[in-house]
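Okay, here's what each chain looks like letter by letter:
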Amino acid sequence: MSGFDETLQDEAEAPVRVRFVVNGRKVACEVAPRDTLVDCLRDKLELTGTHAGCEMGACGACLVQLDGRAIHSCLIYAVQADGARIDTIEGLSEGGVLADLQAEFHRRNALQCGFCTPGMLINAQELLSRVAEPGRGEIRDALSGNYCRCTGYEAIVDAIDAVAKARSKGGVAT
Amino acid sequence: MKARAFSYFRAATIDQALDAHARAGDDARYIAGGQSLVPALSLRLQAPRLLVDITHIDELRGVRREGGSLRIGALTRHCEMLSEPLIAEFAPLLHAAAPFVAHPAIRNRGTFGGSVALADPASEFPAMTLALDAEIEIAGPSGRRRVKADDFFIDLFETALQPGELITSIHVPLFKADQRFAFDELARRRGDYALVGCGILATCPGGRIEDIRISFFSVGNTPTRVKGVERTLIGSRLEAERITAAQGALDGDLAPPDSDEVPPAMRLHLARVLLGRLLGRLGEGA
Ligand SMILES: Cc1cc2nc3c(=O)[nH]c(=O)nc-3n(C[C@H](O)[C@H](O)[C@H](O)COP(=O)(O)OP(=O)(O)OC[C@H]3O[C@@H](n4cnc5c(N)ncnc54)[C@H](O)[C@@H]3O)c2cc1C
Ligand code: FES
Ligand code: FES
């Protein structure tokens, strides 16, 4: 058989160089093929705003934007994202796009421990970019993959609802 | 939890993907959306030596009309099933099923081809390919072929795909003016896998059923067409007594496996309720 076959296992352990544009900045780092994107963001790039909970796609704590769409960073290997644009909660916060959602979450106690909050915000942002004024059912539906162990969701739905109404009136929530 | 170490190869063409898979002695997995494969690797239910990333192969992309059918590229994402106008117009059953597949962020990455290849009996799309009489187009080491959905799903997670074979696209006959469709599922929680789900495609010129395909999921080892039920409905105008008869025929078609969570009798009952609702809706569209 070819050399490709024999070297497969060595290659499996060997670090691979990946490049992304993270929060608008070009970055490069070395990862193993089995390192997930959330591992890479937290451990290599020290962007710890993206949380790792279940690491199975069930809790939503690890959501980031990949080429503009919300995805689970625990369900993609960093090597797969090579060449992609990634926006994490840090970048979206600094850029101000989430400022009204963050203020409203704060005002309404839509978070307690905050573990789920980055994922909630990224999902809420995606929902509001798709549907101008979602009903409460639609908001709950969109959050169905985001677990919160503290709030009982009511305040989170209130906050997103208020921001949706404010944004579609072109103002800020009160 | 972490996957066992593996090598990674990003294929640019189908031939490259097939070749890499073969060189790993078939101890390889194709990765598309990864929304089922990554959790399986994390749990070490699978531990291949090589992952072949197929998401950069252009030929696997795109939705377009080809004669009397819609060609849906394997890499078409679940979210595109909702946003793509051609799907809404020519494969409305898939459009109707899509919001029930997982959660929004998973729909942003999961692919139609991945869902069909995995053939999870609890999944919406594999069952809908049966209702739609779709054809699965496959590329493999020994060439290209097409397999009818009716012949594709063989047993639990077992399909007509041979080792190293790849789904390139799924071909769905175009939805016609004299056709009607209905889809729904019963789940404990929105976004959860269904306790039982069903999709129907019926041809009913003038309101009388000439042809009907009914496919259930989450009721057995594979997505399941209920041919006995279909037969009772041919010629019907979906009158109440015909719907009751169809519900009765379900017992002969479905044999849900025993599970601790949901006893077979309960699943069968839920299937009857769901079938009644869907046929009722189909009749209202008359
Ligand atoms: C929390 C959660 C909830 C979910 N809920 C649902 C749900 O309600 N309904 C549902 O249907 N699904 C659900 N899923 C699964 C999800 O929809 C997946 O996207 C889908 O099942 C697999 O598609 P994929 O593209 O991600 O495939 P992958 O995970 O990349 O691959 C799955 C399998 O198919 C093979 N494969 C992929 N593409 C091809 C191809 N073109 N040719 C040959 N083989 C291929 C892979 O080798 C692998 O064995 C859920 C997943 C998660 C994490
Ligand atoms: S850590 Fe990714 S979904 Fe839970
Ligand atoms: S605020 Fe603690 S998990 Fe949501």
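Provided above is the structure to which this section pertains.
Scope of this entry: the structure provided in the associated data block. These figures come from a predicted structure and were not determined experimentally. (Residues numbered from 1 in each chain as written. Chains lettered and ligands numbered in written order. Predicted model: local features only at pLDDT ≥ 70, side-chain atom pairs only at ≥ 80, totals over all residues. Heavy atoms only, no water.)

### Topic: the site of ligand 1
Taken together, 32 residues lie around ligand 1, and B:Tyr30, B:Gly34, B:Leu37, B:Thr111 and B:Ser123 are the ones closest in. Residues within reach of ligand 1 are spread across chains A and B. Between an oxygen atom of ligand 1 and a main-chain N or O atom of B:Gly34, the distance comes to 2.7 Å. Here an oxygen atom of ligand 1 sits 3.2 Å away from a polar atom, N or O, in the main chain of B:Ala102. Burial of ligand 1 by the protein amounts to 93% of the accessible area it has alone, namely 970 Å². Only strand S2 (28-31), helix H7 (112-118) and strand S10 (166-173) of chain B provide two or more residues apiece to the shell around ligand 1. (Near = heavy atom within 4 Å. Polar contact = N/O pair within 3.5 Å; in protein donor to acceptor, adjacent residues only side chain to side chain. Areas by Shrake-Rupley, 256 points an atom, 1.4 Å probe, with all protein chains shown as cover. Helix = DSSP H or I, 4+ residues; strand = E, 2+ residues; numbered from the N terminus.)

### Some details on the nonpolar core
All names here are of chain B. Formed by 39 residues in total, the largest nonpolar core has its most connected members in Ile72, Leu94 and Phe152. When contributions to this core are tallied by element, the ones reaching two or more residues are strand S5 (69-73), helix H4 (85-90), helix H5 (92-97), H7, helix H8 (124-131), strand S6 (135-140), helix H9 (149-152) and S10. Of the residues forming this core, the biggest block, five residues, is contributed by H8. Beyond its immediate stretch of four places on either side in the chain, isoleucine 72 contacts Gly62, Val63, Met81, Ile87, Leu94, Phe112, Ser169, Ile170 and Val172. (Core = buried A, V, L, I, M, F, W, Y, C linked by side-chain atoms within 4.5 Å. Buried < 20%, exposed > 50% of the residue type's maximum accessible area, 1.4 Å probe, protein only. Contact = heavy atoms within 4.5 Å.)

### Points about helix H7 (residues 154-168) of chain A
Residue and element names in this part refer to chain A. Helix length check: H7 (15 residues) gives 21 Å between terminal C-alpha atoms against 21 Å at 1.5 Å per residue, within 8%. Among the residues making up H7, those that are buried are Ala155, Ile156, Val157, Ala159, Ile160, Asp161, Ala162, Val163, Ala164 and Ala166. Where H7 is buried, its residues meet helix H4 (99-107), helix H5 (117-130) and helix H6 (136-142). Backbone geometry just after H7 places glycine 170 at a positive phi near 80°. (Expected span 1.5 Å × (residues − 1).)

### A closer look at the pattern of salt bridges
Residues and elements named next belong to chain A. Following the criterion strictly, the structure yields 31 salt bridges over all chains and no others. Put simply, arginine 17 and glutamate 30 hold a salt bridge, and the shortest N to O gap is 3.9 Å. On the criterion of sequence distance, the pair formed by arginine 17 in strand S1 (residues 16-22) and glutamate 30 in strand S2 (residues 25-31) is long-range, its members being 13 residues apart. On the basis of relative accessibility, which here comes to 45%, the residue arginine 17 falls in the partly exposed class. (Salt bridge = Lys/Arg side-chain N within 4 Å of Asp/Glu carboxyl O.)

### Details of the interface of chain B and chain A
By a widely used convention, the size of an interface equals the accessible area lost when the partners come together. Taken together, the contacts link 39 residues of chain B with 37 residues of chain A. When chain B packs against chain A, close to 3100 Å² is buried across both sides, 54% of that on carbon and sulfur atoms. Note that A:Asp39 is salt-bridged to B:Lys2, the shortest N-O span being 2.7 Å. Counting every contact that joins chain B to chain A gives twelve residue pairs in polar contact (both at pLDDT 80 or more). Among the secondary structure elements, those contributing two or more residues to the side of chain B that touches chain A are strand S1 (7-10), helix H1 (14-23), helix H2 (37-42), strand S3 (50-53) and helix H6 (104-107) of chain B. Broken down by element, the residue count for the side of chain B that touches chain A peaks at four residues, all from H2(B). (Buried area = accessible area lost by both parts, 1.4 Å probe.)

### A few points about the pairing of S6(B)
Residue and element names in this part refer to chain B. By the criterion of burial, S6 is predominantly enclosed, with five of the six residues buried. Direction of pairing for S6 relative to strand S7 (residues 143-148): antiparallel, over a ladder of six bridges. Bridge pairing in S7 links glutamate 137 to arginine 146. Here S6 pairs with S10 via five bridges, running antiparallel. Residue glutamate 137 lies in a different strand from S10, and its bridge partner there is serine 169. (Pairing = 2+ DSSP bridges.)

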